[in-house]
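A closer look at the structure
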Amino acid sequence: MKRHGTARRALARAALCARILITAAAVVLCAVGIYIHVLYPAEKLDELWFYLTGSSGAGTAAVWQAFAVLIGPCLAAVALLLLPQYLFSRHPLERKHVSRRTGKARTVRLLPLQHKWLFTVVSALILVGIGLGQVGAFGYLRSRFTESEFFESEYVSPKTVGRVTAPDEKRNLLFIELESFETSFFSKEHGGLWDEELIPELYGLLSDPDAIYFASDSGTHGTLNAYGTTWTTAALIGYTAGIPFKVPVGKNNSYHSENFLSGAWALGDILAANGYRNILVSAATTTFGGVGEYFTAHGGYTIVDKNAPYFTDAAGNRLEFSIPQSQWNEWGYSDAAAFSMAREVLSAQAASSDEPWHMVIKTTDAHFNGYLYEAGNGYEGSVRSHAKQIENVYATTSREVGSFIAWLKEQSFYADTTVVLVGDHPNMLAGICGEVSADARGRYNLILNSAVTTTETKNRAFTAFDFYPTILAAAGFTIRGDRLGLGVNLFSSVPTLAEQYGMTVLNAELEKNSDFYIDRIMGRKDYEALER
């Protein structure tokens, strides 16, 4: 009997420990879900996964921040859920029950062991459900298993013969991707969210005599955020191929293939087919996120980055770049270094050949909290006049862009060059714009020296997709029907998909599963390899 009693006590302790662990895990999951939703109220599950697991260190910082904030509330919640069970086990609530049939009395415990387990399991399921709901897990699963024909019905293939026609006199095309640049960083006076002007050079360019920019309101609010275009690789694909980057959750930067999006036909493909030399100068190394593979597969770009700091011009002359370590960061080089290399590459290319060229300049300094650099080796140093690091980062990149554009205008080839500047996505730093979510903020856009123009630039609903045909039109190309991919030429009178359907419907449809996208754009073999 004594041995039997000891075994029963051991089982009871084990059961208590199991209930404590289950309750604690459920409370933590619920609390983390709520906390993430507070930090990123508008982001979807795949976007959250990218923000928190990317190599920027934001995820690690968020974990420690969450631990500091949640440890107290979590302990209190666990205690509140376990305390009644503990008290009932030490001081059980009992009542006497008298049978109406026999008249005999017996003692009934109000919370027996099986009821404790029922309470634990039910409360854990409720808490886990709340946590998963806060991060959009159920919405993701619903979309993942809902097939949509939207993509197939709206996609306009750029491969169709006669869809795109090059001009007789081809213009050079410069595309500058500005990491995390949005119109939010204008001053409040200029339609932004800041008391002061953080990016005066970029705001000033909007008033350039050669400038055209599109706004989603009557002021300066920029490009809207479509599903599948909210991180760098996806944004570049959206801008230059007119399609979202649809990958399984958690695989945002895991797609690597020699046949990257084999069914797509991108800006680089069209330009290469029309005799352009395509060049990518990137501050960040292009091995991350499949950027290099995308630009290699779609246009055969010559890539200049930290892994390949050299360029061979049309005459066979080789330029080699030696960037001082003071201009390095965890992604590659500073934006200033990227613009410096771009100056030399453009000068060499223009001097060695009359063939048209297309260059992409990819910046990186404003990623999350950003990077600052000390003066030295001919560099004047980052701006330090603002209170916060990220403010100084934006001010510094704005200065570098302004300096580069001023240099560009002095070059003989500028008159025959169309320049496009876009912000790739809103900044991912939690709370950077207070309570204004990323989805409510607009990305920067600007076109200089366009071959065509329009007066319909305000109060437009447009996304990254629409810049694919718009960039080609700005470079003098003619687009039959003014649509490519999911994009619409903004110089035309054709309504965009965002204008036709609204952003809520557009994003909901894009988030759903599309066999057409898997089979005809990415390739099912590549997609299934990602799922494994």
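Just above, that's the structure.
So, here's what we can say about the structure. Remember, predicted model here, so these are calculated numbers, not experimental data. (Residues numbered from 1 in each chain as written. Predicted model: local features only at pLDDT ≥ 70, side-chain atom pairs only at ≥ 80, totals over all residues. Heavy atoms only, no water.)

**Regarding the packing of aromatic side chains**
How two aromatic rings sit relative to each other is set out by the distance from centre to centre and by the angle between their planes. By the definition in use, this model includes 29 aromatic pairs. For the ring pair Phe186 and Tyr444, a centre distance of 6.2 Å and an interplane angle of 80 degrees mean the geometry is edge-to-face. Of this pair, Phe186 sits in the loop between β4 (172–178) and α7 (200–205) while Tyr444 sits in the loop between β11 (417–423) and β12 (445–448); the two residues are 258 residues apart in sequence, bridging distant segments of the chain. You can call Tyr444 buried: its relative accessible area is 1%. Clustering of aromatic rings is evident, with ring pairs tying together Trp231, Phe245, Tyr255, Phe260, Tyr294, Phe295 and Tyr301. (Phe/Tyr/Trp six-rings, centres within 6.5 Å; stacked < 30°, edge-to-face > 60°. Helix = DSSP H or I, 4+ residues; strand = E, 2+ residues; numbered from the N terminus. Buried < 20%, exposed > 50% of the residue type's maximum accessible area, 1.4 Å probe, protein only.)

**Some points on helix α5 (residues 137–144)**
When α5 is considered as a whole, its buried residues turn out to be Ala137, Tyr140 and Ser143. All buried residues of α5 lie within an arc of 130 degrees about the axis, which places them on one face of the element. (Arc of directions from axis to C-beta.)

**A few points about the side chain of Glu154**
By secondary structure assignment, the location of Glu154 is in helix α6 (residues 150–154). On the accessibility criterion, Glu154 (10% relative accessible area) is buried. Reaching out from Glu154, the side chain makes a polar contact with the side chain of Tyr501 at a distance of 2.4 Å. Once you skip the residues sitting within four places of it in the chain, Glu154 turns out to touch Arg483, Gly485, Leu486, Leu497 and Tyr501. (Polar contact = N/O pair within 3.5 Å; in protein donor to acceptor, adjacent residues only side chain to side chain. Contact = heavy atoms within 4.5 Å.)

**Some thoughts on the sheet that holds strand β6 (residues 277–282)**
Spatially, seven strands are ordered β5-β12-β11-β4-β10-β6-β7 in an open sheet, and the strand pairing comes out mixed. Two strands lie at the open edges of the sheet, namely β5 (211–212) and β7 (302–304), each paired on one side alone. As paired strands, β4 and strand β10 (residues 357–362) are joined by five bridges and run parallel to one another. Across the sheet, Leu174 pairs through a bridge with Met359, a residue of β10. Contacts from helix α8 (residues 232–241) reach β4, β10 and β11, with the element oriented near 150 degrees to β4. (Pairing = 2+ DSSP bridges. Axes fitted to C-alpha atoms, helices over the stretch in contact; angles between N-to-C directions.)

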